[in-house]
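# Summary of the model geometry
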Amino acid sequence: FPWTGPSRFWQLHLTIPGKYDAMGVGLAGTPLPTLGFNKDIAWTHTVTAARHFTLHQLALDPADPTRYLVDGKSEAMSKRTVTVPLPGGGSETRTLYATRFGPVVSAGGNGLVWNNATAFALKDANLGNPRALETWMRIGKAKSVGEVEAAVSETLGIPWVNTIVADRHGDALHADVTAVPNVSAVLIAECKTPISGLF
């Protein structure tokens, strides 16, 4: 993460007498520490190597490339137009499309081309994950490595990072307990396409 700009970590200390007392850092707008310490534990996170996305190749409706087929039935993509101001004035407007499998993505150099026959959607296993704040609240209140392990395991709220924690008793933990797609090796083999090997 950068040292400057909006994506940097911001220091904070949250105290609710008798209930919560942790200090650390979080991204801008974070209401409590996501990396930090209390009187009993200290924790941090590193980016996990787990894959949190599933790429879906869509068969498109021959009558309309903004519709896709699911079990032989045509479904419309949703669309949203976004306008972003540009530095120095002016703006750029784009229309973004999404499916039940996530947003439509395109990367021609990687074979992800939206044409009249096919398109690709990217589903995030963490889409709609409302559990992250509960997880970090429980971590900030934890008194031991075991309580942190229970927090991350019971909530599955950590979106895309490993959790590393040590406590005052000398115990430590490095764990990747994150939400990932429920896609088995068997399902991957059954759903393989000519470009699957690239991903």
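Computed from a predicted structure; not experimentally measured. (Residues numbered from 1 in each chain as written. Predicted model: local features only at pLDDT ≥ 70, side-chain atom pairs only at ≥ 80, totals over all residues. Heavy atoms only, no water.)

## Thoughts on the pairing of strand β2 (residues 20-27)
Consecutive side chains of a regular strand alternate in pointing toward one face of the sheet and then the other. Residue alternation in β2 divides its side chains into a buried set, Tyr 20, Ala 22, Gly 24 and Gly 26, and an unburied set, Asp 21, Met 23, Val 25 and Leu 27. In terms of strand pairing, strand β1 (residues 9-16) meets β2 through eight bridges, oriented antiparallel. Each bridged residue has a counterpart across the sheet, and for Leu 14 the counterpart in β2 is Ala 22. Counted along the chain from β1 to the antiparallel partner β2, the turn is three residues long, and its residue Gly 18 has a positive phi close to 80°. Of the strand pairs in this sheet, β2 and strand β3 (residues 35-37) are connected by three bridges, and their pairing is antiparallel. The residue of β3 that forms the bridge with Val 25 is Leu 35. (Buried < 20%, exposed > 50% of the residue type's maximum accessible area, 1.4 Å probe, protein only. Helix = DSSP H or I, 4+ residues; strand = E, 2+ residues; numbered from the N terminus. Pairing = 2+ DSSP bridges.)

## A closer look at the pairing of strand β11 (residues 118-124)
As paired elements, strand β5 (residues 53-61) and β11 share seven bridges and run antiparallel to each other. Each residue of the ladder has a partner; that of Gln 57, found in β11, is Phe 120. Where strand β10 (residues 102-105) lies against β11, two bridges are found, and the strand directions are antiparallel. Paired with Val 104 across the bridge in β11 is Ala 121.

Purely spatial values, then, with no claim about function.
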